[in-house]
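Survey of secondary and tertiary structure
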Amino acid sequence: MSTTKKSNEIIAANVSKTFGAGPFAKEVIKDCSFTIESGKLTVMIGPSGCGKSSLIQLIAGFDQPTSGSITIGGRPIDGPGKDRLVLFQESALFPWMTTWDNVMYGPRARGEDAAASEAQAEFLLKKVGLEAFRDKFPAQLSGGMQRRAELARAMINKPEVMILDEPFRGLDHMSKELMWEYYAGLYEEDRNTNFFVTTDIDEAIFLADRLLIMTNLPTSTRSVIEIDIPRPRNIEAMADSKQANDIKTEVMTLLHEEAMKSFSGGSAAAADFLDAYSKRAG
Amino acid sequence: MSQSNATMNLTMYRISSWLKSPKPYLMFVGFGLVLSFWYFSVEVWKLPRFQDMPSLTEVFEEWFSEDPYYGLSIYTPEYYKHIGISLRRIAYAFCLATALGVPLGLFLGWSQKLREYIFPLFELLRPIPVLAWVPLAIIMFSGSETPVIFLTFLASFFATTLNTMLGVESIDEEYSRAAYCLGASRWQTFVHVVVPGAMPYIFTGLQISIGVAWFSLVAGEMVSGQYGLGYIINTAYIMVQYSQIIIGMITLGLFGYVTSALVRLAGDYMMQWRVRELALGGD
């Protein structure tokens, strides 16, 4: 559509976040810097429980960093805004609305043109394979369908930046792969800025243009990998691709190192385990 | 149109499957056991302490008699006048308690500040039993009608308000966040998320509310009042017309059950999403 898209690059500069105070203070994010480039799908991966969700709260504007700054298109983030849309881990579809009313919620709340949004809602529901379920309530849908409905509900708002916090967590492997394809398809449709957080390596590599690898607690950026495998990508082809497998090995090595840090609490057993593991990996 | 059709079909389906299940017939067995215990203990075995009780036959003969001995049966207009007045009091008190309690509960749950002002006061007043309010109600309100309605209203109001507030607090914050993210204003979030999200608790509150309304009504009618089912029971006791006590009690039970069922039906009607959730995806 529009050839010159407004820049909505998100830059985190030396962000730190501490929860609590005094002896109960816990530093979750420490001196963390990264860039979410405009018009790209950036995936953040890190050991579980490493403070990624806290970072999302900051980017979404639900919380403020203790120090450092986060800007979007040059403006500092000081609260939730229409320019960023967050899709959380848990399904937040309104249980009291049908799939259709859920998807139409954003445009209706903002008082947008009904006919145009209805056409868009129909298009999106078809795209995620839910057109037959438009009059069902969320409880009547399976977990995967709920996530798809939620994707449609988010996409209809054409957010400048879409933030997804482990959106496919808890789905079985088959539904997960299906979701990757639905989601990648929707992303390729209009190439808005997307920020996707996950702990799943295959998911990260399949989806990402850029991959941010995070350290263990307190979180900071460990390294950045550009993934230039052409789109649309294919799950089977990716499994056989040398390029994808090389990236996977690299990411796994980095993540294992980080995961092991949280393991080695000084106990001999953990050290033995670490030793045995690194021998096998080496 | 198709929505209300589906609702109708769902209701019909639920009724027909209920009738096909053993549940309604087990219900008759339960009734039969209690009634036969009553019959045998009073009339056949004449157990000690039971001999002064009105017997089953005596009560039912009186209740269905065209010319009742104590002047009250299903054929006398007097009987319906008592029922009508009790029902009217319940209706006033319950509607008032709902009209005030639901909005107050919603705002208490929604606004931290309002809760800090009002909730401690509320929690102090709530445990005071309705009977303790009787003297004050008689002093405060003139006539015999308003004190009874006030007493009936009181317990209902507390139950409705508290449950509504808990309902708002029970709503997952994810829903409000999602609404804000999608561009809803604070007021829109209140209307589209807080109100429907609290609905299950509100209706639990209304179920309790209608129950305690009957409870307080009878307490109120026994002390102050010239008509009503509570009045019948109390007067019958003083006048030693024991069979009337039982007629009053059974009538109370019947109407209590019917009004509860009506509240539940209204809840089902307003929360189709929940009915379907509980019906495990049936449509």
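Notes on the structure follow. (Residues numbered from 1 in each chain as written. Chains lettered and ligands numbered in written order. Predicted model: local features only at pLDDT ≥ 70, side-chain atom pairs only at ≥ 80, totals over all residues.)

**Here's the deal with the overall build of chain A**
Rules: Think of it this way: any DSSP run of H or I at least four residues long counts as a helix, any run of E at least two long counts as a strand, and we number them from the N terminus. Exposure is read from a count of other C-beta atoms within 10 Å of each residue's own; the residue is exposed at 12 or fewer, buried at 20 or more and partly exposed in between. C-beta atoms are placed from the backbone. We call two residues in contact whenever the C-beta atoms placed from their backbones are within 7 Å.
In terms of helices and strands, chain A carries ten helices and ten strands. Burial analysis of chain A (282 residues in total) assigns 38% to the buried set. Of the contacts made within chain A by residues no fewer than 6 positions apart, 71% connect residues no fewer than 24 positions apart.

**A word on the sheet that holds strand β3 (residues 41-45) of chain A**
Residue and element names in this part refer to chain A. Counted only if it meets this: Two strands are counted as paired when DSSP detects at least two bridges linking them. With axes taken as lines fitted to C-alpha atoms, and helix axes fitted only over the stretch in contact, angles between N-to-C directions fall between 0 and 180 degrees.
Spatial ordering of the open sheet is given by β6-β7-β8-β3-β9-β10, a layout of six strands whose pairing is mixed. If you trace the sheet from one side to the other, it starts and ends with β6 (84-87) and β10 (221-226), each paired once. Averaged over all neighbouring strand pairs, the angle between strand axes comes to 15°, with direction disregarded. The pairing of β6 with strand β7 (residues 161-165) spans four bridges and is parallel. Bridged to V86 within β7 is I163.

**Concerning helix α5 (residues 143-155) of chain A**
Residues and elements named next belong to chain A. Inclusion rule: Under the convention used throughout, the expected extent of a helix is 1.5 Å for every residue step, that is, one less than its residue count.
With 13 residues, α5 extends 18 Å between its outermost C-alpha atoms, agreeing within 8% with the 18 Å of an ideal straight helix rising 1.5 Å per residue. Taken together, the buried positions of α5 are occupied by Q146, R147, R148, A149, E150, L151, A152, R153, A154 and M155. Considering only its buried residues, α5 is in contact with β6, α2 (99-103), α3 (105-109), α4 (114-127), β7 and α6 (173-190).

**Structural notes on the interface of chain B and chain A**
Taken residue by residue, the interface counts 15 residues in chain B and 18 residues in chain A. For the side of chain B that touches chain A, the secondary structure elements donating two or more residues are α8 (173-181), α9 (186-223) and α12 (272-278) of chain B. With five residues, α8(B) is the single largest residue contributor to the side of chain B that touches chain A.

**Details of helix α6 (residues 130-140) of chain B**
Residues and elements named next belong to chain B. The following threshold applies: Throughout, the arc means the angular range of directions from the helix axis out to the C-beta atoms.
Of all the residues in α6, the buried ones are V130, W133, V134 and A137. All buried residues of α6 fall inside an arc of 135° around its axis, so they share one side. Facing away from the buried side of α6, by more than 90 degrees, are the exposed residues A132, P135 and I139. Contacts made by the buried residues of α6 are with α7 (145-170) and α9.

**Concerning unusual backbone geometry**
In this structure, A:D31 is a non-glycine residue whose phi angle is positive, near 50°. You can call A:D31 partly exposed: it has 15 C-beta atoms within 10 Å. Unusually for a residue other than glycine, B:K46 sits at a positive phi of about 45°.

**Description of the packing of helix α4 (residues 77-110) of chain B against α9(B)**
Residue and element names in this part refer to chain B. The criterion, for reference: By convention, the crossing between two helices is left-handed when the near helix turns anticlockwise from the far helix through less than a right angle, and right-handed when the turn is clockwise. Lys, Arg, Asp and Glu make up the charged group, whereas Ala, Val, Leu, Ile, Met, Phe, Trp, Tyr, Cys and Pro make up the nonpolar group; the residues left over, Gly among them, are polar.
The geometry of α4 relative to α9 is characterised by a closest axis approach of 9 Å and an angle of 145° between their N-to-C directions. Of the two elements, α4 crosses α9, and the hand of that crossing is right-handed. In contact with S86, R89, I90, A93, F94, A97, T98, V102, L106, G109 and W110 of α4, α9 contributes F190, V194, V195, A198, I202, L206, S209, I210, A213, W214 and L217. Each residue belonging to the contact of α4 with α9 can be placed in one class, and the counts come to 17 nonpolar, four polar and one charged.

**Thoughts on the sheet that holds strand β4 (residues 67-72) of chain A**
All names here are of chain A. Taken in spatial order, the four strands line up as β2-β1-β4-β5 in an open sheet, and their pairing is antiparallel. Unpaired on one side and paired on the other, β2 (26-36) and β5 (75-76) mark the two borders of the sheet. Sheet topology note: the strand β1 (residues 10-19)/β2 ladder contains seven bridges and is antiparallel. Considered in β2, the bridge of F19 is made with K26. Across the sheet, helix α1 (residues 52-60) lies against β1, β2 and β4, angled at about 120° from β1, the strand it touches most.

**Some thoughts on the pairing of β3(A)**
Residue and element names in this part refer to chain A. Of all five residues in β3, five are buried, a share of seventy percent or more. Of the two faces of β3, the one carrying L41, V43 and I45 and the one carrying T42 and M44 are both buried. The pairing of β3 with strand β8 (residues 193-198) spans five bridges and is parallel. If you follow T42 over to β8, its bridge partner there is F195. As paired elements, β3 and strand β9 (residues 210-214) share four bridges and run parallel to each other. Its bridge partner being in β9, I45 is matched across the sheet by I213.

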